[in-house]
Amino acid sequence: MPPDRACLMPDMGQVFIDWAGRLREGDVSLSAISSARDGDRVDIAQDAGRWWFRNAQGRRLVGMKGGWAVPPGRRIVSAAVGAIVMRHARETGDQHRPKLCRDSWEVVFPEIVLE
């Protein structure tokens, strides 16, 4: 990687980890997440105040938590699927559990290249 570039791998505190758990059965994003593989290129765009990562077909894979932003003085050069982990409803706080539509779901973590 050129010296003016940096790799950013957001952690669980920066990614909206329960988002896919809130999606209803049949939502196109669930099949997009299921089809995602480590290394797949993704696009990132801001929509309604939140940053979203989308696959090549434009389907959302994951959103960043509210307040996340590209670090000052940097710009995104590229992004890819960096990891995919399984999340379970029992790991979610009691106050958010009623919002969930499933017992488990995959969470996509992006890997972002900045310059």
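Further up the page is the structure itself.
Residues numbered from 1 in each chain as written. Predicted model: local features only at pLDDT ≥ 70, side-chain atom pairs only at ≥ 80, totals over all residues. Heavy atoms only, no water.

Chemist: Is there a simple way to think about the pairing of strand β2 (residues 43–47) in this case?
Modeler: Both faces of the sheet carry side chains from a regular strand, because those side chains alternate between them. Pairing between β2 and strand β3 (residues 50–54): 5 bridges, direction antiparallel. If you follow glutamine 46 over to β3, its bridge partner there is tryptophan 51. Connecting β2 to the next strand, β3, in antiparallel fashion are 2 residues, including alanine 48 with a positive phi near 55 degrees. (Pairing = 2+ DSSP bridges. Helix = DSSP H or I, 4+ residues; strand = E, 2+ residues; numbered from the N terminus.)

Chemist: Honestly, the environment of valine 107 in this entry has me stumped. Any pointers?
Modeler: Here valine 107 shows up in strand β6 (residues 104–114). Residues valine 107 and glycine 63, spaced 44 residues apart in sequence, show a C-alpha to C-alpha distance of 9.9 Å. Among residues more than four places away in sequence, those in contact with valine 107 are Val15, Ile17, Ala83, Ile84, Val85 and Arg87. (Contact = heavy atoms within 4.5 Å.)

Chemist: Quick question: what am I supposed to make of the pattern of salt bridges here?
Modeler: Close approach of charged atoms allows side chains with opposite charge to pair. Applying the stated criterion across every chain, the model contains 8 salt bridges. The shortest N-O distance in the salt bridge between arginine 102 and glutamate 25 comes to 3.1 Å. Here the residue arginine 102 occupies a position in the loop between β5 (76–88) and β6, and glutamate 25 occupies one in the loop between β1 (6–8) and α1 (28–35), the gap between them amounting to 77 residues. Taking the relative accessible area as the measure of exposure, arginine 102 reaches 14% and is therefore buried. Between aspartate 94 and arginine 97 there is a salt bridge; the shortest N-O distance is 2.9 Å. We classify aspartate 94 as exposed; its relative accessible area is 58%. Arginine 97 sits in the partly exposed class, given a relative accessible area of 33%. Beyond isolated ion pairs, a larger network of salt bridges with shared partners links Arg5, Arg75 and Glu115. (Salt bridge = Lys/Arg side-chain N within 4 Å of Asp/Glu carboxyl O. Buried < 20%, exposed > 50% of the residue type's maximum accessible area, 1.4 Å probe, protein only.)

Chemist: What is the right way to read the sheet that holds β6 from this model?
Modeler: Strands belonging to one sheet form pairs held by backbone hydrogen bonds; the direction of such a pair is parallel or antiparallel. What the 3 strands build is an open sheet, ordered β1-β6-β5; its pairing is antiparallel. Edge positions in the sheet fall to β1 and β5, since each of these pairs with one other strand and no more. With strand direction ignored, the average angle separating the axes of adjacent strands in the sheet is 20 degrees. One ladder, built from 11 bridges, connects β5 with β6; its direction is antiparallel. By the bridge assignment, serine 78 is partnered in β6 with valine 113. (Axes fitted to C-alpha atoms, helices over the stretch in contact; angles between N-to-C directions.)

Chemist: Even after reading the chapter, I still don't get the environment of aspartate 4, so can you show me in this structure?
Modeler: As for its placement among the helices and strands, aspartate 4 is situated in the segment before β1. The class for aspartate 4 is partly exposed, based on a relative accessible area of 47%. For aspartate 4 and leucine 114, which are 110 residues apart along the polypeptide, the C-alpha to C-alpha distance reads 8.4 Å. Sequence-distant contacts of aspartate 4, defined by excluding residues within four places in its chain, comprise Arg74, Leu114 and Glu115.

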